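Observations on the three-dimensional arrangement
Below are the chains, spelled out letter by letter.
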Amino acid sequence: MAPVLNLPLNVGHIDDVQELKKARKTKIPNRFVRDRAERPMLATTPSPLSSSIPVIDFKKLMTGNKEEFHFEILKLSASCEEWGFFQVINHDIEVDLLDNIEKVAMEFFMLPVEEKQKYPMAPGTVQGYGQAFVFSEDQKLDWCNMFALGLVPHSIRNPNLWPTNPPMFSQTVETYSREIRKLCENLLRFIALSLKLNENVFEEMFGLSVQAIRMNYYPACPRPDLVLGLSPHSDGSALTVLQQGKGNTVGLQILKNDEWVPVQPVENALVVNIGDTIEVLTNGRYKSSEHRAVTHKEKDRLSIVTFYAPSYEVEIGPMKELVDESNPSKYRRYNHGEYSRHYVTNKLQGKKTLDFAKIPPKK
């Protein structure tokens, strides 16, 4: 949640996809129909790579013996280097809290559309209810309703966008977000150790870290082969933590070796991915992963996503410990708020926003 565009934007009419589903129309509005090259290939058999997505046992990092800790740190390093994605089990966040955040998110999305539209996501912004990253009236739309809120620091909050209904919404979001923040802080400690750096290097560098939450609701779509739930992109954050709705269909996909690999949910696990910020700080050793969401013909899907990033005032660039003659800087130094503004004011388009930070190769 960063500075946003002040220019007036003409984004045209944006249909609410839950309302489209209710209308039971079989024809998909043209703004949702993707060009042929972008349409998802809906596999009938699971990708062999799906079973290879790493699973990190957080308990072994926190309280494991020396051997368990060493093995898990090596696994974490390989996960960040080869995938930029991993699932975290035994993360110490109560299952009841995971259930409660899912419950209030579902209750919000089930409200009448008129109620949800009291909290609108204005064009060019990324907080409220609607669709983010839409900047023109001819841009293709995602088959998704979003509700997003800034959390930390308090200065990025917009109190007018916090709903009073469901009654437990705000309290649940606050409690959940505190727990996810602790998880992010600990994961960054272990990521630092996996790089043989001081375990507090990211905490000391980031200042008061920025945190935001976004809930994504993907209604069933009569033609899932024509649409995308969420366009391919990498995240501008340091870490992103995603909770997949219990019993939901598989919708999240990672781009690995030019193949879109479905992320099979692990019970009570949280999916973590490396953001562009960590890719820059590690000089490309740990890579942000391009990912997208697809839809299902018969079943709705919910996800709850937390973004964790440095303070907007912090200057970011490759850490000196990870730069040498054989591995020179691949990225320039920049203000993180400047990059965040660049990220949220451009449409989702693979890892294109990271071009902002790349040093062009010498000719």
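Residues numbered from 1 in each chain as written. Predicted model: local features only at pLDDT ≥ 70, side-chain atom pairs only at ≥ 80, totals over all residues. Heavy atoms only, no water.

An unreviewed UniProt entry lists the chain under the name Fe2OG dioxygenase domain-containing protein, with Ambrosia artemisiifolia given as the organism. Check the Sequence similarities (unreviewed entry) section of the UniProt entry for the chain; it says "Belongs to the iron/ascorbate-dependent oxidoreductase family." (UniProt positions renumbered as here; feature names shortened; annotations may be inferred.)

Here we come to the packing of helix α4 (residues 95-109) against helix α6 (residues 169-194). Between α4 and α6, the shortest axis-to-axis distance is 10 Å and the interhelical angle comes to 140°. Judged by the angle between their axes, α4 and α6 are oblique. At the point where α4 passes α6, the crossing takes the left-handed sense. Between α4, through Leu 97, Leu 98, Asn 100, Ile 101, Val 104 and Phe 108, and α6, the contact on the second element is made entirely by Phe 169, Thr 172, Val 173, Thr 175, Tyr 176 and Glu 179. In terms of residue class, the contact of α4 with α6 is built from 8 nonpolar, 3 polar and 1 charged. (Axes fitted to C-alpha atoms, helices over the stretch in contact; angles between N-to-C directions. Helix = DSSP H or I, 4+ residues; strand = E, 2+ residues; numbered from the N terminus. Parallel < 35°, antiparallel > 145°, perpendicular 65-115°, else oblique. Left-handed = near helix turned anticlockwise from the far one by under 90°. Contact = heavy atoms within 4.5 Å. Nonpolar A, V, L, I, M, F, W, Y, C, P; charged D, E, K, R; others polar.)

Here the UniProt feature "domain: Fe2OG dioxygenase" (unreviewed entry) sits at residues 209-310. End C-alpha to end C-alpha, residues 209-310 measures 5 Å, and it is 6% helix and 44% strand.

Take the layout of surface pockets next. In this structure, the second largest pocket occupies an estimated 340 Å³ of space. What lines the second largest pocket is a set of 19 residues, among which Ile 14, Met 121, Tyr 129, Gly 130 and Gln 131 lie closest to the centre. Broken down by class, the residue content of the lining of the second largest pocket amounts to 10 nonpolar, 7 polar and 2 charged. (1 Å grid on protein atoms, 1.4 Å probe; cavity = no way out; pocket = protein on both sides within 12 Å on 5 of 7 lines; lining within 4 Å. Points joined across faces, edges and corners; volume = space filled by probe spheres on them.)

On inspection of all chains with the given rule, the structure shows 3 cavities of 30 Å³ or more. Quantified by volume, the second largest cavity comes out at close to 140 Å³. In terms of lining residues, the second largest cavity is bounded by 19 residues, among which Leu 230, Leu 242, Leu 252, His 291 and Val 305 are the most central. Of all the secondary structure elements, the ones that give two or more residues to the lining of the second largest cavity are β5 (210-218), β6 (230-233), β7 (239-244), β10 (270-274), β11 (291-293) and β12 (301-309). A per-element tally of the lining of the second largest cavity places β12 first, with 4 residues. Classifying every residue of the lining of the second largest cavity gives 9 nonpolar, 6 polar and 4 charged.

Here we come to the pairing of strand β9 (residues 259-262). Alignment of strand β8 (residues 252-256) against β9, held across 4 bridges, turns out to be antiparallel. Paired with Lys 256 across the strands is Glu 259, a residue of β9. Counting the residues that bridge the hairpin from β8 to β9 gives 2 residues, and of these Asn 257 lies at a positive phi of roughly 55°. (Pairing = 2+ DSSP bridges.)

Turning next to the packing of aromatic side chains. Each pair of aromatic rings is reported with the distance of its centres and the angle of its planes. A complete count under the given rule lists 18 aromatic pairs for this structure. Judged by centre distance (5.8 Å) and plane angle (50°), the rings of Phe 202 and Phe 206 are tilted. Remark: Phe 206 and Phe 202 occur in helix α7 (residues 201-206); sequence separation between them is 4 residues, near one turn of the helix. Note on Phe 202: relative accessible area 1%, which makes it buried. Take Phe 206: its relative accessible area is 1%, and that puts it in the buried class. Through successive ring pairs, a cluster of aromatic residues spans Phe 108, Phe 109, Tyr 119, Tyr 129, Phe 147, Phe 169 and Tyr 217. (Phe/Tyr/Trp six-rings, centres within 6.5 Å; stacked < 30°, edge-to-face > 60°. Buried < 20%, exposed > 50% of the residue type's maximum accessible area, 1.4 Å probe, protein only.)

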